[in-house]
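Architecture at a glance
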Amino acid sequence: MPQDTAAYDAALKTVYEGGIRELIPTKVRLYNKFKERDAKDWGGRYVEFPARVGRNQGSGFASERGQLPAAGAQQYATVRIPMRYQYGRMQLSAQVMKASQGSKAAFAPAMEQEMDGLIKDMTAEMGRAICYDGRGILALTNGDPGATSTVTVDSPGGVAGATNGARFINPGQRITFVNPGTGAVRASAVEDVVTVPAAGTTFTTGTTAVAAIADNDYIVKYHGAQADAGAIGNTSYNKESMGLLGLIDDGTYVATLHGVSRTTYPIFQSTVIGTVGAISADVIQRAIDLVDQRGDGEIDTLVMHHSVRRSYLASMDTERRYISGDLQRPDAGTVAAKKGTTRFGGIEIMEEKYAPYGVIVGGDTSTWTRYVEVAGEWVDEDGAILDRIGSGATLEDSFEAVYRVWQNFHCEKPSANFRLDGVTATVVVAHID
């Protein structure tokens, strides 16, 4: 019988290619649009400064020897920006650290992989947060799940819409359900996410949902034990950095931005055009004209999800001419095909994978700021980054490390920015791991 690979399999070697391949997306381009400002000088929990929000109305034209205008005064409001604290934890056994040292033993050292990976994961989480309104809502329940381990969801990120409600929910997350009316956690409603089906409308949990969960509950991350009764202090609810949905807003999502009421001071409202429908050059130009009038805004960036950018490009299909140097090889694409920058009237269009569906944010990024107290560091106040786990009878030959970022985002002039809501776009469901 002739020799073949099946028979000779035991003698064949496996050739291992060096390095671990990175499959998880981690880029957050929007982060760099915010000017960084040091918050350390302020101390405490807040960055605070006054903002001029009203004119002195004591001026006007008068007749000779007529009554002069009554004296007025400038109006000011105090802006108070709280710090937001983001943390990440990792644990490693001494055995895995030893066993993975050196290229002969492992593709990469376990400690290096876990530390670098945690920082990237935290950056990706900030990428989601920077697009929303600071509440930390991952999705809403779509109906009462009843006595089942399958939860139907919609409104990803808290933005109304039935498509891909589970886009920010991942296996391994610990979540809970917040009553939108009271802001309290539903009793004993702490769950671990087990699976997220590809359709993006449901996820399954490790145990049966409790009866207290109701339609339109907020789904947020939970940081305590799965057996907890649930405490709002152990959730991410209202603890995330403020994102574009709250900064560029008219009060729909955030009625009081960093201590300033948008009702009392309408100048803190952005131009928001709702229920846009099919995108057009006119509605974008209308919003640009409005921010010019209301806040001297100079829009330099349009932020949108990929699906909205496709709708924008499709709106120009009838006007576009497909011309190339070789007419036998016409090119129907645009620079977007190779991740090039598309534009509207010279304004950069930034596609952002975490951006809300059906939304366009028009930004005067000169008004966007990022106040940073801790840019990113491993906790080492006790003299070591790696802390041994346990003590006494519970001591383990294992170690833990904690990474932290303390920062928050602000828009100094919301009226110089705009948002378009309800833009019609075809969303292809894509789960972000």
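Along each chain, residues carry numbers from 1 onward, in the same order as the chain's sequence is written. The predicted origin of the model limits local features to residues at a pLDDT of at least 70 and limits the giving and counting of side-chain atom pairs to 80 or more, whereas totals for whole chains, interfaces and linings rest on all residues. To obtain the side-chain values, all non-hydrogen atoms of the structure were used and water was disregarded.

Here we look at the overall build of the protein
Counting its secondary structure elements, the protein contains 5 helices and 21 strands. Buried, partly exposed and exposed residues are distinguished by accessible area as a fraction of the type maximum, computed with a 1.4 Å probe on protein chains only: under 20%, between the cut-offs, and over 50%, respectively. Scored against the burial criterion, the 433 residues of the protein give a buried share of 42%. We call two residues in contact whenever any of their non-hydrogen atoms come within 4.5 Å of each other. Intrachain contacts of the protein at a sequence separation of at least 6 include 74% that bridge at least 24 residues. By the criteria applied, helices consist of DSSP H or I runs no shorter than four residues and strands consist of E runs no shorter than two, each listed in order from the N terminus.

As for helix 4 (residues 281-295)
Given the number of residues in a helix, its expected span is that number minus one, multiplied by 1.5 Å. Here helix 4 is 15 residues long and its end C-alpha atoms lie 21 Å apart, about the 21 Å a rise of 1.5 Å per residue gives. Every buried residue belonging to helix 4 is among Val283, Ile284, Ala287, Ile288, Val291 and Gly295, and all of these are buried. Taken down its axis, helix 4 places every buried residue within 140° of arc, on the same side. Residues of helix 4 that are buried make contact with strand 13 (271-273), strand 14 (301-304), helix 5 (306-314), strand 15 (342-344), strand 16 (347-351) and strand 21 (418-420). Within two residues after helix 4, Asp296 carries a phi angle of roughly 55°, on the positive side. Note that the arc is defined by the directions from the helix axis to the C-beta atoms.

Looking at the environment of Thr235
Topologically, Thr235 is positioned in the loop between strand 10 (218-221) and helix 3 (244-247). Thr235 sits in the buried class, given a relative accessible area of 0%. Spatially, the C-alpha atom of Thr235 lies 7.9 Å from that of Thr176, the residues being 59 residues apart in sequence. Aside from chain neighbours lying at most four places away, what touches Thr235 is Thr176, Val185, Val220, Lys221, Tyr222 and His223. In the analysis that follows, any N or O atom pair within 3.5 Å is treated as a polar contact, provided that within protein one partner can donate a hydrogen and the other can accept it, and provided that, for residues neighboring in sequence, both atoms belong to side chains. Separated by 2.8 Å, the side chain of Thr235 and the backbone oxygen of Ile232 make a polar contact. A distance of 3.1 Å separates a polar side-chain atom of Thr235 from the backbone nitrogen of Tyr237.

Points about the nonpolar core
A general feature of soluble globular proteins is that nonpolar side chains tend to end up buried together. We define the nonpolar core as a collection of buried residues of types Ala, Val, Leu, Ile, Met, Phe, Trp, Tyr and Cys that are connected through side-chain atoms lying within 4.5 Å of one another. Judged by nonpolar contacts, the single largest core of 52 residues is most densely connected at Ile169, Phe203 and Trp368. Leave out the neighbours within four places in its chain, and Trp368 touches Leu30, Lys33, Phe34, Lys35, Leu244, Ile248, Val303, Val361, Gly363, His410, Cys411 and Asn417.

Re helix 5
Along helix 5, the residues classified as buried are Ser307, Val308, Arg309, Ser311, Tyr312 and Leu313. Here the buried face of helix 5 lies against helix 4, strand 14, strand 15, strand 16 and strand 17 (360-363).

As for the sheet that holds strand 8 (residues 185-195)
On the basis of which strands lie adjacent, the closed barrel formed by 6 strands has the order 5-6-9-8-7-10 and antiparallel pairing. This sheet shows a mean twist of 50° between the axes of neighbouring strands, independent of strand direction. Here the rule is simple: two strands pair whenever DSSP picks up at least two bridges between them. Pairing of strand 7 (residues 174-178) with strand 10 involves 4 bridges; the strand directions are antiparallel. The residue of strand 10 that forms the bridge with Ile175 is Lys221. Axis angles are defined between N-to-C directions and span 0 to 180 degrees, where every axis is a line fitted to C-alpha atoms and, for a helix, only to the segment in contact.

Section: the pattern of salt bridges
Whenever a carboxyl oxygen of Asp or Glu lies within 4 Å of a side-chain nitrogen of Lys or Arg, that contact is scored as a salt bridge. Within the structure shown, the criterion is met by 20 salt bridges. Taking the shortest distance from any N to any O, the salt bridge between Arg80 and Glu48 comes out at 2.8 Å. Residue Arg80 is located in strand 3 (residues 75-82), and its partner Glu48 is located in strand 2 (residues 46-54); the two are separated by 32 residues in the primary sequence. Of the residues examined, Glu48 reaches a relative accessible area of 38% and is grouped as partly exposed.

Description of the sheet that holds strand 17
Hydrogen bonds between backbone groups are what pair the strands of a sheet, and the pairing can be parallel or antiparallel. As summarised here, the arrangement of the 6 strands in space is 13-21-17-14-16-15, forming an open sheet in which the pairing is mixed. The open sheet has two free edges, formed respectively by strand 13 and strand 15, since each of these has just one partner strand. Looking at each pair of strands side by side, their axes are set apart by 25° on average, direction ignored.

A word on a negative patch on the surface
Surface patches are defined over residues having more than 30% relative accessible area and no salt bridge, joining like charges when they lie within 9 Å and nonpolar side chains (Val, Leu, Ile, Met, Phe, Trp, Tyr) when within 5 Å. Per-residue and other accessible areas were derived by the Shrake-Rupley procedure at a 1.4 Å probe size, with only the shown protein chains allowed to occlude residues. Charge counting follows a simple rule: Lys and Arg are positive, Asp and Glu are negative, and His as well as the terminal groups are ignored. For charged residues, the charge sits on one atom: NZ in Lys, CZ in Arg, CG in Asp, CD in Glu. On the surface, Asp289, Asp292, Asp296 and Glu298 cluster together into a patch of negative charge. Along the polypeptide, Asp289 turns up in helix 4. The exposure class of Asp289 is partly exposed, given its relative accessible area of 37%.

Topic: the pairing of strand 18 (residues 368-378)
Of all 11 residues in strand 18, 8 are buried; the element is thus mostly enclosed. Relative to strand 18, strand 1 (residues 35-38) runs parallel, the two being bridged by 4 bridges. Counterpart to Asp38 in the pairing with strand 18 is Val372. Pairing geometry for strand 18 and strand 20 (residues 398-411), over 8 bridges, is antiparallel. Opposite Tyr371, over in strand 20, you have Asn408 as the bridge partner.

Side note on the packing of aromatic side chains
The relation between two aromatic rings is expressed through the spacing of the ring centres and the mutual angle of the planes. Only centres within 6.5 Å qualify two rings of Phe, Tyr or Trp (six-membered ring in Trp) as a pair; their planes then separate them into stacked at under 30 degrees, edge-to-face at over 60, and tilted for everything else. Throughout the structure, instances matching the rule amount to 9 aromatic pairs. Put simply, the rings of Tyr31, Phe34, Trp368 and Phe409 pair up and form one aromatic cluster. Of note, Arg167 hangs over the ring of Tyr357, and the distance from its end group to the ring centre comes to 4.1 Å. Any Lys NZ or Arg CZ found within 6 Å of a ring centre and within 35 degrees of that ring's normal is scored as a charge over the ring.

Some details on the side chain of Asp217
Mapped onto the secondary structure, Asp217 falls in the loop between strand 9 (202-205) and strand 10. The exposure class of Asp217 is buried, given its relative accessible area of 0%. Reaching out from Asp217, the side chain makes a polar contact with the side chain of Arg186 at a distance of 2.8 Å.

Overview of the environment of Ala212
Here Ala212 is to be found in the loop between strand 9 and strand 10. Setting aside residues no more than four positions away along its own chain, Ala212 makes contact with Arg186 and Asp217.

What to know about unusual backbone geometry
Note: most peptide bonds trans; most residues except glycine with negative phi. Although it is not a glycine, Asn164 sits at a positive phi angle of roughly 50°. For Asn164, the location among the structural elements is in the loop between strand 6 (150-154) and strand 7.

Any functional reading would require information beyond the geometric quantities listed.
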